[in-house]
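Report on the structure
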Amino acid sequence: AQTVTQSQPEMSVQEAETVTLSCTYDTSESDYYLFWYKQPPSRQMILVIRQEAYKQQNATENRFSVNFQKAAKSFSLKISDSQLGDAAMYFCAYRVNAGNNRKLIWGLGTSLAVNP
Amino acid sequence: NAGVTQTPKFRILKIGQSMTLQCTQDMNHNYMYWYRQDPGMGLKLIYYSVGAGITDKGEVPNGYNVSRSTTEDFPLRLELAAPSQTSVYFCASSYSTAGAEQFFGPGTRLTVL
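Residues numbered from 1 in each chain as written. Chains lettered and ligands numbered in written order. Predicted model: local features only at pLDDT ≥ 70, side-chain atom pairs only at ≥ 80, totals over all residues. Heavy atoms only, no water.

**Thoughts on the pairing of strand 10 (residues 88–96) of chain A**
Residues and elements named next belong to chain A. Using the following cut-off: Partly exposed residues are those whose accessible area sits between 20% and 50% of the maximum for their type, while under 20% is buried and over 50% is exposed, using a 1.4 Å probe and protein chains only. Think of it this way: any DSSP run of H or I at least four residues long counts as a helix, any run of E at least two long counts as a strand, and we number them from the N terminus. DSSP-based pairing: two strands are paired if at least 2 bridges between them are found.
Most of strand 10 sits out of view: eight of its nine residues are buried. Inspection of the sheet shows strand 5 (residues 32–39) paired to strand 10 by eight bridges, in the antiparallel sense. Counterpart to Lys38 in the pairing with strand 10 is Tyr90. Relative to strand 12 (residues 110–115), strand 10 is paired through three bridges, and the arrangement is antiparallel. Within strand 12, the position partnered with Ala88 by the bridge is Leu112.

Structure (structure tokens):
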């Protein structure tokens, strides 16, 4: 079964510091996508970053980057220069690239607090 | 673009009542989804649709029904509401490519008493 595990229910970081959120997944597929979504207190889910399994280069989006280790099935999110607005729940998600299946498998989330 | 809109934002139901959660998107996305999010948990897929007239069950479909008569609308029907259906419900939509971002609505907070 395909599963996504986020082992850190809560994390905290000082403003302007760097924090890394962990995500591991279990799959027998070789072609898939991985995503990090952010859910601030407003509840609106927002895509932070995505990674295609066939791309060796780690994805980056401004202050957000990932460390994708395909063999280890690990997909961690690094937030640099943390800002107060980064405080949110962060969800890791997986989707296999096969047929019409566009269902996302979600982790349980990591709550990130940013301390001023 | 309004994106994905959901109504209502909040609702309280009594046990056994029925209601429909509305979802509309204006991005011409083929794929639409309904999720529920229980406190402290991730998202669980209730139903999804790959186009008008086509729907399929997700992980937790029991107690719910959907229809997709147009590309834009994907309503979720709760029949005979139960306390276990107390949750926040999110509608989302996306293009059909595997790496496509899912765009989410603001959610509906439903309480069943």
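**Comments concerning the sheet that holds strand 1 (residues 4–7) of chain B**
All names here are of chain B. How we decide: Axis geometry follows a simple rule: fit a line to the C-alpha atoms, using only the stretch in contact for helices, then measure angles between N-to-C directions, giving values from 0 to 180 degrees.
Pairing is antiparallel in the open sheet, where four strands are placed in the order 1-3-8-7. The open sheet has two edge strands with one neighbour each: strand 1 and strand 7 (64–66). Mean inter-strand twist for the sheet, computed between neighbouring axes without regard to direction, equals 20°. In this structure, strand 7 lies alongside strand 8 (residues 76–78), joined through three bridges in antiparallel fashion. Paired with Val66 across the two strands is Leu76, which belongs to strand 8.

**Concerning the interface of chain A and chain B**
So the rule is basically this: We call two residues in contact when some of their heavy atoms are within 4.5 Å. Defined in terms of a 1.4 Å probe, buried area is the accessible area two parts forfeit on being brought together, summed over both. Salt bridge criterion: a side-chain nitrogen from Lys or Arg within 4 Å of a carboxyl oxygen from Asp or Glu. A 3.5 Å cut-off defines polar contacts: any pair of N or O atoms within that distance qualifies, except that in protein one atom must be a possible hydrogen donor and the other a possible acceptor, and neighbouring residues in sequence count only when both atoms are side-chain atoms.
Taken together, the 19 residues of chain A in the interface contact 28 residues of chain B. With both sides pooled, the region where chain A packs onto chain B buries about 2,000 Å², and carbon together with sulfur makes up 51% of that total. Summed over the three residues of chain A that lose the most area to chain B, namely A:Arg43, A:Arg102 and A:Lys103, the buried surface amounts to 33% of that side. There are zero salt bridges connecting chain A and chain B. Taken together, the connections running from chain A to chain B amount to seven residue pairs in polar contact (both at pLDDT 80 or more). Listing elements by their share of the side of chain A that touches chain B, those giving two or more residues are strand 5, strand 6 (46–52) and strand 10 of chain A. With four residues, strand 5 of chain A is the single largest residue contributor to the side of chain A that touches chain B.

**Describing the packing of aromatic side chains**
Short version of the rule: Pairing of aromatic rings covers Phe, Tyr and Trp, the last through its six-membered ring, and needs centres within 6.5 Å; plane angles under 30 degrees mean stacked, over 60 mean edge-to-face, and all others mean tilted.
With the rule as written, the count across this model stands at 16 aromatic pairs over all chains. On the basis of an interplanar angle of 85° and a centroid distance of 6.2 Å, the ring pair of A:Phe91 and A:Trp106 is categorised as edge-to-face. One end of the pair, A:Phe91, is in strand 10; the other, A:Trp106, is in strand 11 (residues 105–106), with 15 residues separating them in the sequence. For A:Phe91, a relative accessible area of 0% translates into the label buried. An angle of 80° between the planes, with centres 6.4 Å apart, marks the rings of B:Phe90 and B:Phe104 as edge-to-face.

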